[in-house]
Amino acid sequence: MSAPFHAHAVGLALPRLDGPAKVTGAAPYAYEHVVEHPAYLFPVQASIARGRVVAIDTSAAAAVPGVLDVMTHENAPRLASDEDLELWVLQSDQVFYRGQFVAAVTAESPEIARHAAGLVRVDYAQERHDAVLNADSDELYVPGVLTVGDPTDSDDGDLDAGLAAAAVVVDQTYTTPMEHNNPMEPHAVIATWHGTGEDAQLTIYCGSQGVSWMQAELATTFGLEPSRIRMVSPYVGGGFGSKAFVHPDTVLATLAAQRSGGRPVKLALTRQQMFAIVGYRTPTIQRVQLGADRDGRLTAIAHEVVQLTSRFKEWVEQTAVSTRTMYAAPNRRTKHRVARLDLPQPTIMRAPGECPGMFATEVAMDELAVACGLDPIELRIRNEPDLDPDTGLPFSGRHLVECYREGARRFGWEGRDPTPGVRREHGWLVGTGMAASTYPAVRMAGSAASIRFGADGCYVVQIAAADIGTGTWTTLTQVAADALAVPVTSIELRIGDTALPPGSAAGRSSGTASWGSTVVAAARAFRDAYATDPPVDAEAQAPMPDHPEAERYAAHSFGAQFAEVRVHADTGEIRVSRMLGVFDAGRIVNPRTARSQFVGGMTMGISMALHEISVLDPRFGHVVNQDFAEYHIAANADIGEIDAVWIDEPDLRLNALGARGIGEIGIVGTAAAVANAAYHATGIRIRDLPLTADLFLA
């Protein structure tokens, strides 16, 4: 077994090393990279939800001064693979969803391109479409496997017998809406082809959660060797999952660049375009059944989910999977059923699956606590498993009960009157609630790191990792400094470029643990080769190391969120006045950036609970509130007192660094905690998100 990792810089609350560059504007985001003589691209989008293009008139657009090219499915370069129909851009006359790209204009300025795109006329043969998610649909199907690789269904024990034997039963349906990721930096691309034919090289600047993954996707789509594509993404203005994969905008810009005579082509999506092109969280309809004895001990758990995918590409979230591992019960069942609809492709959105799934489970647990006359924390403690109920494996670390107790102490839970609707302050009904959260600790394969000693005495650490605002520039520098036993100032980190050794994507809260373990392995290889007195230009490289011991454990992060909610008795207005999260996530590399992630996740969860809903017009298959004026997200004024703390327990069974993921778990239990607090405030149980004023007035 490798030598233990000694933390010195790790654990310090260092300010973000990339902070000065970002606040002074020196850090280039995707659209800001300097290229010579760029052309500008603007797309034309389909105005029908399903059908075919029968005619396109581009003459008016082509006649506009400054227009360089008008591209349609009739003249676009051919792609090599239709394996991924989301990326099959301008390759046929078929329209899969409203907002799909059907043409694009390249021009000397973005204003000219946008104006000319509005002059393109498209005629369609429209077909009947379906954009409504219905739990009773005859067309629901059983997918072969969930997107993350888990089985679609699970069935342990005898659920019917467990429910029949239960003294108390909760059987309710919960819904979550379509939500859109909406990072502050919109999706943007600069694509440049260098050379022609078999020697052509492609350079792409973009906002990416994983340049190595996207390089591989584009290589397949365009029929290129990956080495001929360079993707550069050192700084990313948020992603939340929408920048984990290639979307049609990147393909469109790359196609346009093939026709631009070597000029770079720049494309930045508008906020409205992002609602159709770069993914969203699938809406869900979830039935949860809980059976328990009089003491609140579960005899049965069932969680059945209905959600959607696009008709042209399958995406099935693991919405009920967290229920398989969360609580001890002898009889358990989970199901996922899917509807194929004529809508854009859903994708990852922060904590996909676990976030909407735990909303349903944790509100149901609160209902069970009320039905049993138990404190919600005590109910959960009584149902803590000794082993992972899903796999039978011991947990690599599970300190959830400590999270409950520490959170209760800090939040002032003791002495809480469980009676709903009795606390009133100046016209506001006040209530408190809590929920548990979990998220799997994932080891994402595919990373390697190199370390080179420079003439200036610094160690250049290279890995194609991503910083999407999470603090990677800082945390990996800290990890490298400790792994090499040198000061942080002796580390020069390079990330976000496929010219570097490959890196897995920033997804599933796997980044710091996966990349950090890889950097530790490279540092050990470097020290093994050169000890502590390396020559200039000494270099070593290592892949992410195996950690066989991890396979013997179920690895998850856990948390408990506590919320205080105020609902105005006359207007129904709802506010979250206090929120606390207590988390068990292994070693915390940087408390400053970690707290930012936890608080950011809870802030996004409050936004989910109170505001976020993409309103779909099923007549036309599009989202009508497709901008920040009408798609409401939490602003500073919506967030009251909020804090995050953690249990300091490195998880050395999982990796040498002892770290688990933190980026997603902060959002997982938040909406349920808010909904449970709203019930305690008002006595009105809301099972559908978001929690809007009209629901409390009904």
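Residues numbered from 1 in each chain as written. Predicted model: local features only at pLDDT ≥ 70, side-chain atom pairs only at ≥ 80, totals over all residues. Heavy atoms only, no water.

### Comments concerning the overall build of the protein
Argument step 1. Helix and strand content of the protein: 17 helices and 26 strands.
Argument step 2. For 698 residues, the compact-globule estimate of 2.2 N^0.38 gives 26 Å, and the protein sits close to it at 26 Å.
Argument step 3. Buried positions account for 62% of the 698 residues belonging to the protein.
Argument step 4. Surface summary for the protein: the accessible area is close to 25800 Å², and the carbon and sulfur share equals 50%.
Argument step 5. In the protein, the 56 positive side-chain charges and the 83 negative ones have mean positions that sit 2 Å from each other. (Helix = DSSP H or I, 4+ residues; strand = E, 2+ residues; numbered from the N terminus. Rg over C-alpha atoms; globule rule 2.2 N^0.38 Å. Buried < 20%, exposed > 50% of the residue type's maximum accessible area, 1.4 Å probe, protein only. Areas by Shrake-Rupley, 256 points an atom, 1.4 Å probe, with all protein chains shown as cover. Lys, Arg positive; Asp, Glu negative; His and termini not counted. Charge placed at Lys NZ, Arg CZ, Asp CG, Glu CD.)

### Things to note about the packing of helix α12 (residues 472-484) against helix α13 (residues 511-530)
Argument step 1. The contact between α12 and α13 brings their axes to 9 Å, and the two run at 30 degrees. Between α12 and α13, the angle falls in the class roughly parallel. Handedness of the crossing formed by α12 with α13: right-handed. Residue-level contacts link Thr472, Thr475, Leu476, Val479, Ala480, Ala483 and Leu484 of α12 to Thr512, Trp515, Gly516, Val519, Val520, Ala523, Phe526 and Arg527 of α13.
Argument step 2. Partitioning the contact of α12 with α13 into residue classes produces ten nonpolar, four polar and one charged. (Axes fitted to C-alpha atoms, helices over the stretch in contact; angles between N-to-C directions. Parallel < 35°, antiparallel > 145°, perpendicular 65-115°, else oblique. Left-handed = near helix turned anticlockwise from the far one by under 90°. Contact = heavy atoms within 4.5 Å. Nonpolar A, V, L, I, M, F, W, Y, C, P; charged D, E, K, R; others polar.)

### A few points about the nonpolar core
Argument step 1. Residues Leu290, Leu298, Leu368, Met579, Phe598, Val674 and Leu691 are the most contacted members of the largest nonpolar core, which totals 82 residues.
Argument step 2. At ten residues, helix α9 (residues 354-372) tops the list of elements feeding residues into this core.
Argument step 3. Counting residues in hydrophobic clusters, the runner-up holds 44 residues, among them Leu202, Val251, Ala276 and Ala464. (Core = buried A, V, L, I, M, F, W, Y, C linked by side-chain atoms within 4.5 Å.)

### Quick notes on a nonpolar patch on the surface
Argument step 1. A cluster of nonpolar residues, Met184, Phe628 and Ile633, forms a patch on the protein surface that exposes about 290 Å² of accessible area.
Argument step 2. Secondary-structure assignment places phenylalanine 628 in the loop between β25 (622-623) and β26 (639-646). (Patch = residues over 30% accessible without salt bridge, like charges linked within 9 Å, V, L, I, M, F, W, Y side chains within 5 Å. Salt bridge = Lys/Arg side-chain N within 4 Å of Asp/Glu carboxyl O.)

### Details of the pattern of salt bridges
Argument step 1. With the rule as written, the count across this model stands at 36 salt bridges.
Argument step 2. We note a salt bridge from glutamate 86 to lysine 313, for which the minimum N-O separation is 2.8 Å. Here glutamate 86, found in the loop between β3 (67-72) and β4 (94-95), pairs with lysine 313, found in the loop between β14 (298-310) and α8 (321-326); they are 227 residues apart in sequence, far enough to count as distant.
Argument step 3. On the accessibility criterion, lysine 313 (24% relative accessible area) is partly exposed.
Argument step 4. When salt bridges that share partners are traced, they join Arg423, Glu425, Glu564, Arg566 and Arg578 into one network.

### Looking at the sheet that holds strand β2 (residues 51-57)
Argument step 1. One open sheet holds the three strands; their spatial order is β4-β2-β6, and the pairing between them is antiparallel. A single partner strand is all that each edge strand has here, and the edge strands are β4 and β6 (121-126).
Argument step 2. Bridge analysis of β2 against β6 gives six bridges, and the strand direction is antiparallel. Counterpart to valine 53 in the pairing with β6 is tyrosine 124. (Pairing = 2+ DSSP bridges.)

### Focus: the sheet that holds strand β22 (residues 556-568)
Argument step 1. What the five strands build is an open sheet, ordered β16-β17-β22-β23-β26; its pairing is mixed. Of all strands in the sheet, those bounded by a partner on one side alone are β16 (424-425) and β26.
Argument step 2. The strands that helix α14 (residues 591-610) touches are β22, β23 (574-584) and β26; relative to β26, the one it contacts most, it runs at about 135 degrees.
Argument step 3. Along the sheet face, helix α16 (residues 670-682) touches β17 (428-440), β22 and β23 and points at about 155 degrees away from the line of β17.

### With respect to the environment of isoleucine 633
Argument step 1. Checked against the element boundaries, isoleucine 633 lands in the loop between β25 and β26.
Argument step 2. Expressed as a C-alpha distance, the spacing of isoleucine 633 and glutamine 201, which sit 432 residues apart in the sequence, is 41 Å.

### What about the pairing of β17?
Argument step 1. Counting buried positions over the 13 residues of β17 gives twelve, a clear majority of the element.
Argument step 2. Across two bridges, the pairing between β16 and β17 is antiparallel. Within β17, the position partnered with arginine 424 by the bridge is leucine 429.
Argument step 3. Between β16 and β17, which pair antiparallel one after the other, the connecting turn spans two residues, and histidine 426 there sits at a positive phi close to 55 degrees.
Argument step 4. As paired elements, β17 and β22 share 13 bridges and run antiparallel to each other. Bridging from a neighbouring strand, valine 430 pairs with arginine 566 of β22.

### What to know about the side chain of serine 614
Argument step 1. Positionally, serine 614 belongs in the loop between α14 and β24 (616-617).
Argument step 2. If near-sequence neighbours (up to four positions away) are discounted, serine 614 is found in contact with Met178, Glu179, His180, Phe275, Val623, Asn625 and Tyr631.

### Description of α9
Argument step 1. Across its 19 residues, α9 extends 26 Å between first and last C-alpha, which sits within 8% of the 27 Å expected from 1.5 Å per residue.
Argument step 2. Remark: glycine 373 follows α9 within two positions and exhibits a positive phi of approximately 70 degrees. (Expected span 1.5 Å × (residues − 1).)

### Quick look at helix α3 (residues 110-117)
Argument step 1. Listed in full, the buried residues belonging to α3 are Ala113, Ala116 and Ala117. Buried residues along α3 cover an arc of 100 degrees about the axis, so they all sit on one side.
Argument step 2. In this fold, the buried residues of α3 make contact with β1 (39-45), α2 (59-62), β3 and β5 (101-107). (Arc of directions from axis to C-beta.)

### Regarding the packing of aromatic side chains
Argument step 1. Using the criterion set out here, one finds 17 aromatic pairs in the structure.
Argument step 2. Ring geometry for tryptophan 413 and phenylalanine 562: centres 5.7 Å apart, planes at 75 degrees, overall edge-to-face. Of this pair, tryptophan 413 sits in the loop between α11 (400-411) and β16 while phenylalanine 562 sits in strand β22, and the two are 149 residues apart along the sequence. As far as the burial class goes, tryptophan 413 and phenylalanine 562 line up, both buried.
Argument step 3. Plain terms: the ring middles of phenylalanine 526 and tyrosine 530 are 5.0 Å apart, the flat faces sit at 50 degrees to each other, and that makes the pair tilted. Separated by four residues within a single helix, phenylalanine 526 and tyrosine 530 lie in helix α13, roughly one turn from each other.
Argument step 4. By relative accessible area, phenylalanine 526 is classed as buried at 0%.
Argument step 5. An aromatic cluster of three or more residues is present, and its members are Phe453, Tyr459, Phe526 and Tyr530.
Argument step 6. Just above the ring of tyrosine 141 sits the side chain of arginine 340; from NZ or CZ to the centre is 4.0 Å. (Phe/Tyr/Trp six-rings, centres within 6.5 Å; stacked < 30°, edge-to-face > 60°. Lys NZ or Arg CZ within 6 Å of the ring centre and 35° of its normal.)

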